[in-house]
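These are the residues of each chain, in order.
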Amino acid sequence: MNVVLKSQNDVEKMRVAGRLASEVLDFITPYVKVGVTTGKLNKLCHDYMVNVQGTVPATLGYAPSGHRPYPASICTSVNHQVCHGIPGDKVLKHGDVINIDVTVIKDGYHGDTSRMFYIGEPSIQAKRLCETTYEAMWRGIRKVKPGATIGDIGHAIQAFAEGSGFSIVREFCGHGIGRRFHEDPQILHYGKAGQGMTLQAGMIFTVEPMINAGKKDIRMLGDGWTVVTADHSLSAQWEHTVLVTEEGYEVLTLSTGSPAAPVLAAATTHA
Ligand code: MF3
Ligand code: CO
Ligand code: CO
């Protein structure tokens, strides 16, 4: 593990990158409607990043070892697609749910965030899955403080998601982020409280649970990127980039359009 502790200058740059990533999601929200294609959403976001924000879409041409270059400026994962869906001619229809994942680079620093969107009225199950995943992400984030462990984050997410009858995808995790898109440490979305690396002020990483309505198993499509649930059940994901502060945490990927953090009961059966 080679964890980069961020300087005050790094943190200031990461605040800007994080807000800009979130503002791409604010920008695209009114377009995420029945009849639009995922390719159109990609084009709109790309042009906004490049021409309005002066940011670089980090995913475009991104080629970690063993992967062909990712061909788009956002990821669009619809229904049973878990993550890394490639935008194209898919037309969104009433009842679909879609994750849009945006990573921008500004001044050499990355901001990475995703949200779920409903196309028209979601099914009761789809709404419950998306809301549970959102709360699971926040339950993980709320564990973040110096002295807590990575296992504390994963445990909080897993207990809540599995307690709601859903399953956690194991193959993808949150990640350190900064000048590089994916850095150490890995932030697993499952685990045991008290286990794993101890958090320190100055770490920056993402929390981005992928939660399935059915079984946890996944498959990769032939495009080499799109990940789907093996049983074709619905999958949801939310993502924030988080700084460990002296007091606890600061979420870097917030903007005016970010949904409010959930209000949690002081004590619950999922604690
Ligand atoms: N944004 C994704 C993450 O949260 C990574 C996307 S990589 C891509 O880590 F190549 F698929 F775009
Ligand atoms: Co990420
Ligand atoms: Co992301």
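Provided above is the structure to which this section pertains.
Throughout this document, residue positions are counted from 1 along each chain, in the order its sequence is written. Throughout, the order in which chains and ligands are written sets their labels, letters from A for the former and numbers from 1 for the latter. The model is predicted, so local features are restricted to residues of pLDDT at least 70 and side-chain atom pairs to those at 80 or more, both for listing and for counting; the totals for chains, interfaces and linings are taken over all residues. Working from all heavy atoms in the structure, the side-chain values ignore hydrogens and water.

1. A short note on the overall build of the chain
Counting from the N terminus, the helices are the DSSP runs of H or I reaching at least four residues and the strands are the DSSP runs of E reaching at least two. For the chain, the count of helices and strands is four helices and 15 strands. By the compact-globule yardstick of 18 Å for 271 residues, the chain fits well, its C-alpha radius of gyration being 17 Å. For the C-alpha atoms alone, the extent of the chain along its principal axes is close to 45 × 40 × 35 Å. In this count, Lys and Arg are taken as positive residues and Asp and Glu as negative ones, while His and the chain termini are left out. Here the site of a charge means atom NZ of a Lys, CZ of an Arg, CG of an Asp or CD of a Glu. Distance between charge centres in the chain, computed from 25 positive and 26 negative side chains, equals 3 Å. Computation of the radius of gyration draws on C-alpha atoms alone. For the globule rule, the value is 2.2 Å times the number of residues to the power 0.38.

2. Quick look at the coordination of the cobalt ion (ligand 3)
Shown as donors are all N, O and S atoms within 2.8 Å of a metal ion, widened to 3.2 Å for Na, K and Ca; because water is not in the atom set, sites may appear incomplete. Bound to the cobalt ion (ligand 3) are the protein donor atoms D101 (OD), D101 (OD), D112 (OD) and E239 (OE), situated 2.0 to 2.4 Å from the metal. Considering all six donor atoms around the cobalt ion (ligand 3), angles at the metal cover 58 to 167 degrees and the coordination shape is irregular. Expressed as a motif, the donor residue spacing for the cobalt ion (ligand 3) is D-x10-D-x126-E. The metal-metal distance between the cobalt ion (ligand 3) and the cobalt ion (ligand 2) is 3.3 Å, with D112 serving as a donor to both. Placement of D101 in strand β4 (residues 97–106) and of D112 in strand β5 (residues 109–118) is noted, with a sequence separation of eleven residues between them. For the residue pair D101 and D112, the accessibility class agrees, reading buried in each case. Here a site with four donors is tetrahedral if all angles are between 85 and 135 degrees, and a site with four or six donors is square planar or octahedral if opposite donors are over 155 degrees apart and the other angles are between 65 and 115; anything else gets the irregular label. Only protein chains enter the accessibility calculation, which uses a 1.4 Å probe; a residue is then buried when its area is under 20% of its type maximum, exposed when over 50%, and partly exposed in between.

3. What about the environment of E246?
For E246, the position within the fold is in the loop between β14 (240–244) and β15 (249–251). Note: C-alpha distance between E246 and K216 (30 residues apart in sequence) is 35 Å. If we skip the residues at most four places from it in the chain, E246 touches P146 and A201. Residue contacts are counted whenever heavy atoms from the two residues lie within 4.5 Å of one another.

4. Observations regarding the coordination of the cobalt ion (ligand 2)
In the first shell of the cobalt ion (ligand 2), the protein supplies D112 (OD), H175 (NE2), E208 (OE) and E239 (OE), at 2.0 to 2.2 Å from the metal. Because the angles between the six donor atoms bound to the cobalt ion (ligand 2) fall within 51 to 162 degrees, the donor set is best described as irregular. Read in sequence order, the donor residues coordinating the cobalt ion (ligand 2) give the pattern D-x62-H-x32-E-x30-E. On the accessibility criterion, E239 (0% relative accessible area) is buried.

5. Examining the sheet that holds strand β10 (residues 210–212)
The three strands are arranged β6-β10-β13 in an open sheet whose pairing can be described as antiparallel. With partners counted over all chains shown, the strands left at the sheet margins are β6 (167–168) and β13 (235–237), one partner each. Across two bridges, β6 lies against β10 in antiparallel orientation. Note on β10: the bridge partner recorded for I168 is I211. Of the strands in this sheet, β10 and β13 are in contact with helix α3 (residues 124–141), which crosses β13 at around 35 degrees. Note on pairing: DSSP must find at least two bridges between two strands before they are called paired. As a rule, the C-alpha atoms of each element are fitted with a line to give its axis, helices using only the stretch in contact, and angles between N-to-C directions run from 0 to 180 degrees.

6. Details of the side chain of N212
Mapped onto the fold, N212 is located in strand β10. Owing to a relative accessible area of 0%, N212 belongs among the buried residues under this scheme. In this structure N212 touches V82, L129, F166, S167, V169, D217, T229, S233, L234 and S235, once residues within four positions along its chain are discounted.

7. Section: the sheet that holds strand β11 (residues 218–220)
With respect to topology, three strands assemble into an open sheet ordered β3-β12-β11, the strand pairing being antiparallel. Whereas interior strands pair on both sides, the edge strands pair on one side only; in this sheet they are β3 (81–83) and β11. This sheet shows a mean twist of 40 degrees between the axes of neighbouring strands, independent of strand direction. Direction of pairing for β3 relative to strand β12 (residues 227–229): antiparallel, over a ladder of two bridges.

8. A look at the pattern of salt bridges
Take a side-chain nitrogen of Lys or Arg and a carboxyl oxygen of Asp or Glu: if they are within 4 Å of each other, that pair is a salt bridge. Tallied over the entire structure, the rule returns nine salt bridges. A salt bridge links E183 to K6, with the nearest nitrogen and oxygen atoms 2.9 Å apart. Remark: K6 occurs in the segment before α1 (8–28) and E183 occurs in strand β8 (residues 183–187); sequence separation between them is 177 residues. Each member of the pair, E183 as well as K6, carries the same accessibility label: buried. As a salt-bridge pair, D96 and K93 come within 2.8 Å of each other at their nearest N and O atoms.

9. So, the packing of α1 against helix α2 (residues 38–53)
Orientation of α1 relative to α2, taken along the N-to-C sense of each, is 130 degrees, at an axis distance of 10 Å. With respect to α2, the element α1 is oriented oblique. The interaxial crossing formed by α1 with α2 has right-handed handedness. Residues L20, E23, V24, F27 and I28 of α1 pack against L41, L44, C45, Y48, M49 and Q53 of α2. Only Asp, Glu, Lys and Arg are considered charged in this grouping, and only Ala, Val, Leu, Ile, Met, Phe, Trp, Tyr, Cys and Pro are considered nonpolar; every other residue, Gly among them, is considered polar. Split by residue class, the contact of α1 with α2 holds nine nonpolar, one polar and one charged. Any angle that is under 35 degrees is reported as roughly parallel, and any over 145 degrees as roughly antiparallel; angles of 65 to 115 degrees are reported as roughly perpendicular and all others as oblique. For any helix crossing, the convention is left-handed if the near helix is rotated counterclockwise from the far helix by under a right angle, and right-handed if that rotation is clockwise.

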